[in-house]
Each structure stands twice: as C-alpha cells, then as structure tokens.
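Below are the chains, spelled out letter by letter.
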Amino acid sequence: MNAIGMWPRRGLALVLAPLGLALVGLSAPGCQDAGSGPVATTADQTPVVAPVEHPLLRGIPIPAGFRLVQERSRARHHGSTRDAQCEFQGTLSPSEVVRFYEHYMPAARYRLGPKIFVRGEYTLRFESDAEECNVFVKPKGSRTTLIIDVGPLWKEGSDRALRPTPPPP
C-alpha cells in the first residue's frame, strides 16, 4: 500500500484518538461534571453533590442544580456587610441538602450551631467570625426549597440591634 492510500486511515486515527481519550477520561471514577452528581464524600463515605457559588451569596456554597427564585429573594450589600435572604429550588432531598451544608460550610469558614428538624423541615444555623447564616430546607412537592438567610453576626456588647432569625417564608 502506498503513502497516499494510508493517509485517510492515519488522518482518521489522529482525529479519533483524542476523542477516545476524552471519553475514557469522562468515564474515569471521580471525574464528573459539576451538575451530574456527587463529587465528594463525607467521613462515612456518603456522596455529596458539588458546590456552586451564586453572585448574591459569595462565599456560601449552593448545591449544584439549585436555581434562584428571584421573586422570593432579596440581597443588600454595603461595603463588607451584607444582608440577604435568597430562595432556591432543586431536586435533592432535604436530607441530602443538610448533608451538603454540614460537609461544605466548614470549608467556607462557618461553624455549625443548632440543627433543628420539625415536621419534615430542617433549620441549620452557621456562624463565621463576622456573619450568621441560617439555612432552611423543606420539601415542596417533588422538589426541595432552600432558603439562605445571611447577615452580620450580632455580638454581645456591639451597637448592632439583635438580628432576629426569620421564619422561612
């Protein structure tokens, strides 16, 4: 066979080889798309979905696949201070969302405070050095509602008024 007769096969092989390697890479364990499923595990090896960041809540993880409900959300930023209550909808179960926050909030420098479960709804309170973040998680039909309420941390002796924890809307 001459060099001209081999060119189409060699050219095809050069095109298909990188495609094959890409497909193998996508199917390798641990290489998942951020929205395709779990990308981390907890200490007990339970899978946890990937975090994303929403521009209104920088530094606070949101489970991949959750979408902002704009008409039920508000945010105010003034310098380094923020006050926001944002609602998200997604398909993870409420217990998976709670596991997500227990796993990722420490990496965001928030400490878990009280965790409450009442009639199928969870409330988690987190604190950083400067902020408090209340996470409300509740089922809503086949979806899950996630409400993130974040604002300045009230410290005893500060001039700031006590910021009450609002009930989930």
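Everything discussed here concerns the structure shown above.
Notes on the structure in this doc start here.

A full pass over the atoms with the stated rule returns three aromatic pairs. Summarising the aromatic geometry, the rings of phenylalanine 117 and tyrosine 122 are spaced 4.7 Å apart at their centres and angled 50 degrees between planes, so their arrangement reads as tilted. What links up through ring pairs into an aromatic cluster is the set Phe100, Tyr101 and Tyr104.

What follows concerns the pattern of salt bridges. Going through the model one piece at a time under the given rule, you end up with nine salt bridges. Taking the shortest distance from any N to any O, the salt bridge between arginine 72 and glutamate 87 comes out at 2.8 Å. A residue pair is termed long-range when its members are at least 10 positions apart, and arginine 72 in the loop between β5 (67-68) and β6 (74-78) and glutamate 87 in strand β7 (residues 81-90) qualify at 15 residues. Counted as one network, the salt bridges with shared partners bring together Arg74, Arg76 and Asp83.

This part covers the environment of arginine 76. Within the secondary structure, arginine 76 sits in strand β6. The spatial distance from the C-alpha of arginine 76 to the C-alpha of glycine 151 is 9.5 Å, given a sequence separation of 75 residues. Sequence-distant contacts of arginine 76, that is, excluding residues within four places in its chain, are made with Thr81, Arg82 and Asp83.

The subject of this paragraph is the nonpolar core. Of all hydrophobic cores here, the largest spans 28 residues; its most connected members are Leu57, Tyr101, Cys133, Val135, Leu146 and Ile148. Elements represented by at least two residues in this core include exactly β2 (47-49), β7, α2 (94-104), β9 (121-127), β10 (131-140) and β11 (143-152). Ranked by the residues each element gives to this core, the list is headed by α2, at five residues. With residues up to four places along the chain from it excluded, the contact list for isoleucine 148 reads Leu57, Ile60, Ile62, Ala84, Gln85, Cys86, Phe88, Tyr101, Cys133, Asn134 and Val135.

A few words now on α2. Along α2, the positions that sit buried rather than exposed are Pro94, Val97, Val98, Phe100, Tyr101 and Tyr104. Seen along its axis, α2 keeps its buried residues to an arc of 155 degrees; they face one direction.

This brings us to the side chain of arginine 125. Position of arginine 125 among the secondary structure elements: in strand β9. Of note is the side chain of arginine 125, whose polar atom sits 3.2 Å from the side chain of glutamate 132.

What follows deals with the pairing of β9. In the sheet, strand β8 (residues 111-118) pairs with β9 via six bridges, with the strands oriented antiparallel. Across the sheet, lysine 115 pairs through a bridge with leucine 124, a residue of β9. The turn linking β8 back onto β9 is made up of two residues, and arginine 119 within it adopts a positive phi angle of 50 degrees. Note that β9 and β10 share six bridges and pair antiparallel. Bridging across to β10, tyrosine 122 finds its partner in valine 137. In sequence, β9 turns back onto β10 through a hairpin of three residues.

About the criteria used
- Residues numbered from 1 in each chain as written.
- Predicted model: local features only at pLDDT ≥ 70, side-chain atom pairs only at ≥ 80, totals over all residues.
- Heavy atoms only, no water.
- Phe/Tyr/Trp six-rings, centres within 6.5 Å; stacked < 30°, edge-to-face > 60°.
- Salt bridge = Lys/Arg side-chain N within 4 Å of Asp/Glu carboxyl O.
- Helix = DSSP H or I, 4+ residues; strand = E, 2+ residues; numbered from the N terminus.
- Contact = heavy atoms within 4.5 Å.
- Core = buried A, V, L, I, M, F, W, Y, C linked by side-chain atoms within 4.5 Å.
- Buried < 20%, exposed > 50% of the residue type's maximum accessible area, 1.4 Å probe, protein only.
- Arc of directions from axis to C-beta.
- Polar contact = N/O pair within 3.5 Å; in protein donor to acceptor, adjacent residues only side chain to side chain.
- Pairing = 2+ DSSP bridges.

Remember, this is a structural readout, not a statement about activity or role.
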